[in-house]
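Below are the chains, spelled out letter by letter.
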Amino acid sequence: MEFKLSEEQELIKANMREFAKTYVEPVAGEIDESGRYPAEIIKKLGEGGWMGMPFPVEYGGAGADYLSYAIAVEELSRSCAATGFTMSVHTGLACGPIALFGSEAQKKKYLTPLANGGHLGAFALTEPGAGTDVGSATTTAVLKGDEYVLNGTKTFTSNGPVADTFVTFAWTDPEDKRKGMSSFIVSKGTPGLSIGAHFMKMGIRGSQTSEVVFKDCHVPKENLIGNLGDGLKIAMSCLDHGRIGIAAQAVGIAQAALDESIAYAKARIQFGKPIAKNQAIQWMLADMQTDITAGRFLYYYAAYLKDQGMPFSKEASMAKVFCSEMCFKHAAKAVQIFGGYGYIKGQKVERLLRDAKITEIYEGTSEAQRMNIASSLIR
Ligand SMILES: Cc1cc2nc3c(=O)[nH]c(=O)nc-3n(C[C@H](O)[C@H](O)[C@H](O)COP(=O)(O)OP(=O)(O)OC[C@H]3O[C@@H](n4cnc5c(N)ncnc54)[C@H](O)[C@@H]3O)c2cc1C
């Protein structure tokens, strides 16, 4: 067993740190404040080969392993969680289904422009009445001639307002709750596809979130991903991958909280000495470092299993639930270390606390992760 990254993984980590420090860190506060989509950064990420890292070069990707990709998400999220999430939902949940289950023609037509950064992807699964309980979805797809006709409304779709390509899910046999859902690729501009309500959020404000509405939306038959009835399998498998990205995002946010806390604790003078000289503050820093290291190794392990072709669903859930909860806990500790100044807009730790919360919710809540872990224990 070797507890170190390969030279290539170290290089990717250093390169993404440099990218994030140069292009992302200086504008992350403004992106949060305005809630704007960081189009110029996403374009640069695409040009640098970051938007399709774990996919084969022949389909526009960088041919990296999944661990390298997750490390890049951590380093990007350390500067801006919204940008890190935009990259991770695009990679894990929009490119992922096509790369893992798509046909050769779909990979050429849809995965290639997504992975090379020319297009942005979204994953539209959640519906107003179907969040954790995916089976309560009501969107349908009915085959008419050479097309599926989709009807239904998806909600909380990340990248929805700015995406070129949507991977979505609809019942092709509503009676069969196990194998009646199928997965489709829908391009922006397809008649019957529209973007509904655009949500304002507590955190990750630069990530764009909206409803996606299908109203008699005609999708070519060849845009079915995998086999008819594979929808749930595709969704769950890609969410397993995506959770490694969210765990990495959470570690990045927590690392940023620690970075900020150390610098402030050394600089802030109270009672004639830096607050870092107090054991109460030192213990908070020590606990943050310990938990961040534990979380990092959990997501590294899940990504390692994935890269070895071994089962990793339980480990991805363990990484996600641990990293997201420790991230929220320690982002709050960082605000505590900053005292009143941590509660003021414009302080990075104030943003980090708001960004941290979502990691416990999306791509399966903490409760959903525990359900997944427990079900594998008592099967
Ligand atoms: C900012 C943001 C971005 C998102 N991006 C996407 C996206 O790109 N694509 C997409 O498809 N979805 C996306 N989502 C949706 C997200 O994955 C869901 O919000 C999440 O899965 C929870 O679903 P819900 O909000 O309907 O909550 P609910 O399922 O209604 O859950 C409410 C509460 O009940 C708990 N609960 C539910 N069932 C159980 C149970 N059986 N046992 C114990 N507790 C339970 C939950 O854990 C939660 O605490 C996003 C959401 C947000 C907020």
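Residues numbered from 1 in each chain as written. Predicted model: local features only at pLDDT ≥ 70, side-chain atom pairs only at ≥ 80, totals over all residues. Heavy atoms only, no water.

Asks: Describe the overall build of the chain, naming the residues involved and giving the relevant values.
Replies: The number of helices and strands found in the chain is 10 helices and 10 strands. Referenced to the eigenvectors of the C-alpha coordinate spread, the extents of the chain come out at roughly 80 × 45 × 40 Å. Counting the 379 residues in the chain, one finds 55% classified as buried. Within the chain, contacts between residues at least 6 apart in sequence are counted, and of these 74% link residues at least 24 apart. If you sum the accessible surface of the chain, you get close to 16,300 Å²; carbon and sulfur atoms cover 57% of it. In the chain, which carries 40 positive and 41 negative side-chain charges, the distance between the mean positions of the two groups comes to 4 Å. (Helix = DSSP H or I, 4+ residues; strand = E, 2+ residues; numbered from the N terminus. Buried < 20%, exposed > 50% of the residue type's maximum accessible area, 1.4 Å probe, protein only. Contact = heavy atoms within 4.5 Å. Areas by Shrake-Rupley, 256 points an atom, 1.4 Å probe, with all protein chains shown as cover. Lys, Arg positive; Asp, Glu negative; His and termini not counted. Charge placed at Lys NZ, Arg CZ, Asp CG, Glu CD.)

Asks: Please provide a residue-by-residue account of the site of the ligand, values included.
Replies: Close to the ligand lie 17 residues, the nearest being Thr126, Thr132, Phe156, Thr365 and Glu367. Between the ligand and the protein, one listed contact pairs a nitrogen atom with a backbone N or O atom of Phe123 at 2.7 Å. Starting from 970 Å² of accessible surface for the ligand in isolation, the protein chains cover 64%. When atoms are counted within 2 Å of each cavity's grid points, the one that captures over half of the ligand is the largest pocket. (Near = heavy atom within 4 Å. Polar contact = N/O pair within 3.5 Å; in protein donor to acceptor, adjacent residues only side chain to side chain. 1 Å grid on protein atoms, 1.4 Å probe; cavity = no way out; pocket = protein on both sides within 12 Å on 5 of 7 lines; lining within 4 Å. Sits in = over half its atoms within 2 Å of the grid points.)

Asks: Pulling in residues and values, what's your account of the pairing of strand β3 (residues 147-158)?
Replies: Successive residues of a regular strand alternate their side chains across the two faces of the sheet. As paired elements, strand β2 (residues 140-144) and β3 share 5 bridges and run antiparallel to each other. Its bridge partner being in β3, Lys144 is matched across the sheet by Glu147. The antiparallel pairing of β2 with β3 creates a hairpin that spans 2 residues between the two strands, and Gly145 there sits at a positive phi of about 65°. (Pairing = 2+ DSSP bridges.)

Asks: Give me the lowdown on the layout of surface pockets, citing residues and values where you can.
Replies: Here the largest pocket is characterised by a volume of approximately 1,200 Å³. As for the largest pocket, its lining consists of 45 residues, and the residues nearest its centre are Thr126, Ile361, Tyr362, Glu363 and Gly364. Elements with a contribution of two residues or more to the lining of the largest pocket: α4 (81-101), β1 (121-124), β3, α6 (231-267), α8 (313-338), α9 (348-358) and α10 (366-378). Sort the elements by how many residues they give to the lining of the largest pocket and α10 lands first, with 6 residues. The class makeup of the residues in the lining of the largest pocket is 19 nonpolar, 17 polar and 9 charged. Empty space within the second largest pocket amounts to approximately 490 Å³. No other element matches the 6 residues that helix α7 (residues 279-307) contributes to the lining of the second largest pocket. Counted by class, the lining of the second largest pocket contains 8 nonpolar, 2 polar and 7 charged residues. When residues of the lining of the second largest pocket are sorted by domain, at least three fall in each of domain 1 (7-120) and domain 3 (239-378). (Points joined across faces, edges and corners; volume = space filled by probe spheres on them. Nonpolar A, V, L, I, M, F, W, Y, C, P; charged D, E, K, R; others polar. Domains from an automatic or database assignment.)

Asks: Lay out empty space enclosed by the protein with the relevant residues and their values.
Replies: All told, the structure shown has 1 cavity of 30 Å³ or more when counted by the stated rule. Roughly 40 Å³ of volume is contained in the largest cavity. Every residue along the wall of the largest cavity is listed here: Ala28, Ile31, Asp32, Cys80, Ala81, Ala82, Ile204, Arg205, Arg351 and Asp355. At the level of elements, α1 (7-34), α4 and α9 are the ones that each hand at least two residues to the lining of the largest cavity. In terms of residue count, the dominant contributor to the lining of the largest cavity is α1 (3 residues). Of the residues in the lining of the largest cavity, the class split is 6 nonpolar, no polar and 4 charged.

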